[in-house]
Amino acid sequence: MPKISVEMPGELLADLDEHVGDDGKFVNRSDAIRASVRKTLDVLDEIDARHGRLDREAKGRADAPAGDGSEEGE
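The following refers to the structure shown.

1. Digging into the pattern of salt bridges
Throughout the structure, instances matching the rule amount to two salt bridges. Between Asp17 and Arg29 there is a salt bridge, with its nearest N and O atoms 2.8 Å apart. Of this pair, Asp17 sits in helix H1 (residues 10–17) while Arg29 sits in helix H2 (residues 29–50), placing them 12 residues apart in sequence. For Asp17, a relative accessible area of 29% translates into the label partly exposed. One salt bridge in this structure joins Asp48 and Arg53, with 3.1 Å as the shortest N-O distance. Its relative accessible area of 23% is what places Asp48 among the partly exposed residues.

2. Side note on the layout of surface pockets
Considering only enclosed or pocket space, the largest pocket measures out at about 610 Å³ in volume. Around the largest pocket, the lining comprises 16 residues; the ones closest to its centre are Ile4, Val6, Ser30, Ile33 and Arg34. Within the residue set of the lining of the largest pocket, elements represented by two or more residues are H1 and H2. The dominant element in the lining of the largest pocket, judged by the number of residues it contributes, is H2, at eight residues.

3. Here we look at the environment of Arg29
Classification of Arg29 by relative accessible area gives partly exposed; the value is 40%. Expressed as a C-alpha distance, the spacing of Arg29 and Asp17, which sit 12 residues apart in the sequence, is 7.1 Å. Excluding its chain neighbours within four sequence positions, the residues that come into contact with Arg29 are Leu13, Leu16, Asp17 and Val20. A distance of 2.8 Å separates polar atoms of two side chains, one belonging to Arg29 and the other to Asp17.

Thresholds, definitions, all that
- Numbers given for residues are sequential positions, taken from 1 along each chain in its written order.
- For a predicted model such as this one, the threshold for reporting local features is a pLDDT of at least 70, and the threshold for listing and counting side-chain atom pairs is 80 or more; totals across whole chains, interfaces and linings nevertheless cover every residue.
- Excluded from the side-chain calculation are hydrogens and water; included are all heavy atoms of the structure.
- For this document, the term salt bridge refers to a Lys or Arg side-chain nitrogen within 4 Å of an Asp or Glu carboxyl oxygen.
- Helix and strand assignments follow DSSP, with helices taken as H or I runs no shorter than four residues and strands as E runs no shorter than two, numbered in order from the N terminus.
- Relative accessibility under 20% of the residue-type maximum defines a buried residue, over 50% an exposed one, and the middle range a partly exposed one, all with a 1.4 Å probe and only protein chains included.
- Any residue with an atom within 4 Å of a point lines the site, the site being either a cavity, points on a 1 Å grid over the protein atoms alone where a 1.4 Å probe fits but cannot get out, or a pocket, an open set with protein on both sides within 12 Å along at least 5 of 7 lines.
- Grid points are joined across faces, edges and corners, and a volume is the space filled by probe spheres set on the points.
- Throughout, a residue-residue contact means that at least one pair of heavy atoms, one from each residue, lies within 4.5 Å.
- Definition of a polar contact: a pair of N or O atoms within 3.5 Å, with one able to donate and the other able to accept a hydrogen when the atoms are protein atoms, and with sequence-neighbouring residues admitted only if both atoms are side-chain atoms.

Put into structure tokens, the structure is as follows:
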């Protein structure tokens with residue numbers, strides 16, 4: 001898995017850290033950031049789909065479903 005480096009304001013990092021650890025929703029910062037990026041991309045895909053801008057094959061997304069492009073719950 002590739003590694004990246006991200007700069008962010010201290011307040012945002014402190015807020016993120018409130019959700020990480022034994023009492024948090026995520027085991028570590030990387031897990032929290034990956035989940036956030038996935039959720040953001042899903043929301044952007046939904047917006048693009050509503051506006052007719054989503055073409056999963058052209059995007060080459062590895063997580064695109066096989067078949068007619070429809071997903072459960074859509």
